[in-house]
Amino acid sequence: MTDPLKLASEFPSADYASWRKLAEEALKGAPFDKKLVTNALDGFAVQPIYTIDDQDDATRLIHDVLTASVEPRDTVTGWDIRQLHTHPDPKITNAAILEDLENGATSITLKLDAAARQGREVTSGEVGVGGLAIHCLADLKLTLDDVYTNLATVGLDAGAAGVPAAALLAAHIANSEGADEAAPAFNIDPIGTLAATGKLPCSPNDAISHSANIACELIDLFPLATAISVNGAPYYNAGATDGQELACLLASGVTYLRALTDAGMAVDQAAGAMVFNVAIGTDFFAGIAKLRALRMMWSRVLSASSAQDATITINAVSAEMALTKVDPWVNMLRTTVTSFAAGLGGADSVVCLPYDHLIGLPDGFARRIARNTQLILQEESNIHRVIDPAGGSWFIENLTKELAIAAWAKFQSIEASGGIVKALSNGSLKSEIETVWQAREKRLATRRDPLTGVSEFPNITEAKVTCEAPDLDTIQAEAKARQTKYDETVGKDLAAMMQAARSGATIGHIFTDLYGTSAATVIPALTPHRLSESYETLRKRSDTHKSKTGTFPQVFLANLGKVSQHTARAMFARNFFEAGGIEAITNNGFENADTAAKAFGDSGAKIAVICGSDPQYAELAVNTAKALKSAGATLVYLAGHPGDARSDYEAAGIDEFIYVGADVLGICEIALDHVLAKQGEK
């Protein structure tokens, strides 16, 4: 039977050569490679279009390798929806956990406070700062009251105190119903801690070795658990490329794999005891390719290690680097992208950060949105029901391959130079990542990499999002009241630490007995960054000015002619300056220079930007600039590239030009400095 529906049968067949010819004609002489080819920070080129001819033997094998590393049951249950909890009060956190689990979350991660993460006692002023005040078994029991740990995975984020915190959680779960079915994520990670904080309480080798020994005991006690976390987030959030993060994940994973097998684990068991924590940014396709590349490369590592099982456990988390403090509502879109990419890339669990994560403690609404983002992706979109859904896309297959090649080369370089610990200790890795961050900053400053709500479409008058301010005095007092006296020495094995925890030993006590009281290893830590940080610095100065004076720093838009003539550049100028916190005073346009100058004088602004069309500039720009200067404008800008008229415009008093590709951050910072100085501020 012939197909009666012959789609596109009346059109000639398409081929790359024909498309390329049409594309070059549309470019009208502009270079194809410059306009349509994207150069990734990892050093490879991303083409505007891919065809089957771009497939080779390597790309054809990717899908087969990835499908072999996925459990079919994962397409039925979907990934694990994991909620992060950081509220310092165990009672409030417990209520939030139960609400999350009742409404769609399937697991949780508990981030401990600054005191516990550094192994300090409850007398520290950092109790409750930056996380949960969990210091003893009583604190943990209060946090996990009515939580069935055999049904919901409980993960830890405990920093340098990963081993003592794991002992507390193990002691709690071991006494719970169904302990043999529990699958906690203990997330012990001395390498990630060293990268993020620059400190360890002992030498890196000792920390890794002891963590591996404890991991063996944890897996013996809880066969379904993961004990070691291989964390890529500190690298990515410091500005690393996807390829650099992958290389660091591989180098750290191999280091842990060696330590676990040296501690007595079989290689398959050792691989199963590890979870890879991957930060996902807002480049949707890169996020998918990153997880696919990681799965493929780790499969290669395991194959070279004679492992029989090629599966990998991946926890994906929204990258903090991609989130913003200004216009945080847009973070809902960003985390939807990160969660979608994580699901399509094959993550086993996903942490979708609340939209107000950077501002403070999320409320029930923010947590609900984070949960529902993933629930909609699973229940409405069903993206988990296909193994490797990106497989077969010529673009993503090639992106996966190129990313894997770049990451593997960097991984080999790290290994050849002595491994991940040496790369961190000698500062070489930090230097490389800082170089990449500087490249990112240049792209951000010129809006080549735009940030919605920050550098593009800013809304400086938006209502600020506020979060709960916890009562730390009460939380610290209650934490002290839950402590019991324990003066005995704690052993270094897991059983001894668990028994000490049951007898009242705190994380701080166990930590001190294990490592002492001072950091034995101190190196320069990776510096965390966010893409929006420089813009937010300018916006914060602007907000401070408004809180003092009642108005934002302002720029007057000297719009020329009718709305249809100036609106494009007026909107461009408004977005340009308001991205830096300088409010634009707009209007419907002026017929001549004198009326524009008078309106400027009446506005009270100190600086102005001329907005109009090129023909208007040829006729009115010079006179308008002179009139504005005569009216008291101390800085005059022109919206648009000056071209050959630059010298004439500058002679007339135009100080700077704003156009696509101009340095938004640099120009706005100078303008802000100027306006605030004129008003007696710094």
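Look up: the structure comes first, before these words.
All of these numbers come straight from a predicted model, not from anything done at the bench.

Enquirer: Any chance you could explain the overall build of the chain here in plain terms?
Expert: Counting its secondary structure elements, the chain contains 28 helices and 17 strands. For a compact globule of 682 residues, the expected C-alpha radius of gyration is about 26 Å, and the chain comes in at 29 Å, within 12% of that figure. Expressed along its principal axes, the backbone C-alpha trace of the chain runs to roughly 85 × 75 × 50 Å. Within the chain, contacts between residues at least 6 apart in sequence are counted, and of these 77% link residues at least 24 apart. Summed over all atoms, the accessible surface of the chain reaches about 29200 Å², with 52% contributed by carbon and sulfur. When the 57 basic and 83 acidic side-chain charges of the chain are each reduced to a single mean position, those positions are 7 Å apart.

Enquirer: When you look at the sheet that holds strand E16 (residues 635-639) in this model, what are you seeing that I'm missing?
Expert: Strand pairing in a sheet takes place through backbone hydrogen bonds and is either antiparallel or parallel in direction. Spatial ordering of the open sheet is given by E14-E13-E15-E16-E17, a layout of five strands whose pairing is parallel. This sheet does not close on itself; its edge strands, each paired only once, are strand E14 (583-585) and strand E17 (656-658). Strand after strand, the sheet turns through a mean of 30° between neighbouring axes, direction not considered. Strand direction decides the pairing type here: E16 and E17, joined by three bridges, are parallel. By the bridge assignment for E17, Leu638 is matched with Phe657. Docked against the sheet, helix H25 (residues 593-603) engages strand E13 (554-559), E14 and strand E15 (607-611), running at close to 160° with respect to E13.

Enquirer: Just checking my understanding: could you explain the packing of aromatic side chains for this structure?
Expert: For any pair of aromatic rings, geometry is given as the distance between the ring centres together with the angle between the planes. According to the stated counting rule, one finds 18 aromatic pairs in the structure shown. Aromatic pair Phe284 and Phe285: ring centres 5.2 Å apart, planes at 65°, arrangement edge-to-face. Relative to Phe365, the ring of Tyr355 has its centre 6.1 Å away and its plane inclined at 75°; by these criteria the two rings are edge-to-face. Separated by ten residues along the polypeptide, Tyr355 in the loop between strand E11 (349-351) and helix H16 (364-379) and Phe365 in helix H16 bring together distant segments of the chain. Pairwise contacts between aromatic rings join Tyr50, Phe284, Phe285, Phe340 and Phe395 into one cluster. A cation over an aromatic ring shows up here: Lys290 above the ring of Tyr236, its NZ or CZ 4.1 Å from the ring centre. Between the NZ or CZ atom of Arg440 and the centre of the ring of Tyr236, over which it lies, the distance is 5.9 Å.

Enquirer: I tried to follow empty space enclosed by the protein on my own but got confused; where do I start?
Expert: Once rolled over the atoms, a probe with the size of a water molecule shows which space is left empty. For the structure shown, the criterion picks out four cavities of 30 Å³ or more. What the largest cavity holds in volume is close to 100 Å³. Of all the secondary-structure elements, those providing two or more residues to the lining of the largest cavity are helix H8 (162-174), helix H9 (190-197) and helix H10 (204-221). By residue class, the composition of the lining of the largest cavity is nine nonpolar, five polar and one charged. Taken as a whole, the second largest cavity spans an internal volume of roughly 40 Å³. Residue lining of the second largest cavity: Trp437, Glu441, Leu444, Arg530, Leu531, Glu533, Ser534, Tyr535 and Leu665, and that is the complete set. Those elements that place two or more of their residues in the lining of the second largest cavity are helix H19 (428-445) and helix H23 (533-549).

Reading the values: rules and limits
Residues numbered from 1 in each chain as written. Predicted model: local features only at pLDDT ≥ 70, side-chain atom pairs only at ≥ 80, totals over all residues. Heavy atoms only, no water. Helix = DSSP H or I, 4+ residues; strand = E, 2+ residues; numbered from the N terminus. Rg over C-alpha atoms; globule rule 2.2 N^0.38 Å. Contact = heavy atoms within 4.5 Å. Areas by Shrake-Rupley, 256 points an atom, 1.4 Å probe, with all protein chains shown as cover. Lys, Arg positive; Asp, Glu negative; His and termini not counted. Charge placed at Lys NZ, Arg CZ, Asp CG, Glu CD. Pairing = 2+ DSSP bridges. Axes fitted to C-alpha atoms, helices over the stretch in contact; angles between N-to-C directions. Phe/Tyr/Trp six-rings, centres within 6.5 Å; stacked < 30°, edge-to-face > 60°. Lys NZ or Arg CZ within 6 Å of the ring centre and 35° of its normal. 1 Å grid on protein atoms, 1.4 Å probe; cavity = no way out; pocket = protein on both sides within 12 Å on 5 of 7 lines; lining within 4 Å. Points joined across faces, edges and corners; volume = space filled by probe spheres on them. Nonpolar A, V, L, I, M, F, W, Y, C, P; charged D, E, K, R; others polar.

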